[in-house]
Structures are given as structure tokens and as C-alpha cells.
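One letter stands for each residue in the lines below.
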Amino acid sequence: MDISSISSLNDVSKYTPGALKSDALKEDRNATFETLFQSALNMIKETNAYSNAAEKAEMDYAMGLTTNTHDVQIAQNKANISLQYTVAVRNAVLDAYKEIMQLQF
């Protein structure tokens, strides 16, 4: 009789219900972080797109391709508001990170 075939059962901790919940919790946290990260990337891309659109509207106006100053102002305001919102979100995330780092266990 060869007992070495069941040697992989020595580590019983990976079969306990707590370990299974821990793995599921880690996967859930990873998925949550991935969603948060993708959302932040999308916000930055959107802010960049508004900034580029404002710059294009300014260039079009400066070159005389358009005479509508309202479109230029609207593009500039969209870019400005988007940038302010992105900076506010970044500041909130940094504040939360600093607070988490100060926690003592």
C-alpha cells in the first residue's frame, strides 16, 4: 500500500470553507479594483478628448475656419469642467489612500 499518493492532502487548510471564501473575496476585490481602474482610465481619456476638442475649436477660430465664438467657449468650458472633475476625483482617491495607509491593525 502506497501512502505517498495521498500526500497532497497534507495541506488541509486549502479545503476549509474560510479558504474558499478568502479566494472568492480576493477575486471580488480584484474585479472591483479592475472596474475602478478602468473607470479612472475612461475619465482621463474623456478629459483628454474634451481638451483636444477645445484646442481644435480654438485653432479653427484662429485660422478663420469658424466665426462662432460660442462653440469655442462651450468647448473650453467642457474641457475645464472635465479637468476640474478629474482632479477632484484624483484628490479624493489620494485622500482615501492616505487615510487607509494611516490605519493601524
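Residues numbered from 1 in each chain as written. Predicted model: local features only at pLDDT ≥ 70, side-chain atom pairs only at ≥ 80, totals over all residues. Heavy atoms only, no water.

As for the overall build of the protein chain
Okay, step 1: Of regular secondary structure, the protein chain possesses 2 helices and 0 strands.
Okay, step 2: Counting only residues that meet the buried cut, the protein chain has 10% of its 105 residues in that class.
Okay, step 3: By element, 60% of the accessible surface of the protein chain is carried by carbon and sulfur atoms, the whole surface being about 9,100 Å². (Helix = DSSP H or I, 4+ residues; strand = E, 2+ residues; numbered from the N terminus. Buried < 20%, exposed > 50% of the residue type's maximum accessible area, 1.4 Å probe, protein only. Areas by Shrake-Rupley, 256 points an atom, 1.4 Å probe, with all protein chains shown as cover.)

Observations concerning the confidence of the model for the protein chain
Okay, step 1: Here the protein chain averages 83 in pLDDT, while 80% of its residues score no lower than 70.
Okay, step 2: In the predicted structure, residues 1-9 sits below a pLDDT of 50 and forms 2 contacts with residues beyond four places in sequence or in another chain. (pLDDT = per-residue confidence, 0-100. Contact = heavy atoms within 4.5 Å.)

Comments concerning the side chain of S82
Okay, step 1: By secondary structure assignment, the location of S82 is in helix 2 (residues 69-101).
Okay, step 2: If we skip the residues at most four places from it in the chain, S82 touches E46, T47 and Y50.

Focus on the side chain of T86
Okay, step 1: Within the secondary structure, T86 sits in helix 2.
Okay, step 2: A relative accessible area of 16% places T86 in the buried class.
Okay, step 3: If sequence neighbours within four positions are ignored, T86 has contacts with M43, I44 and T47.

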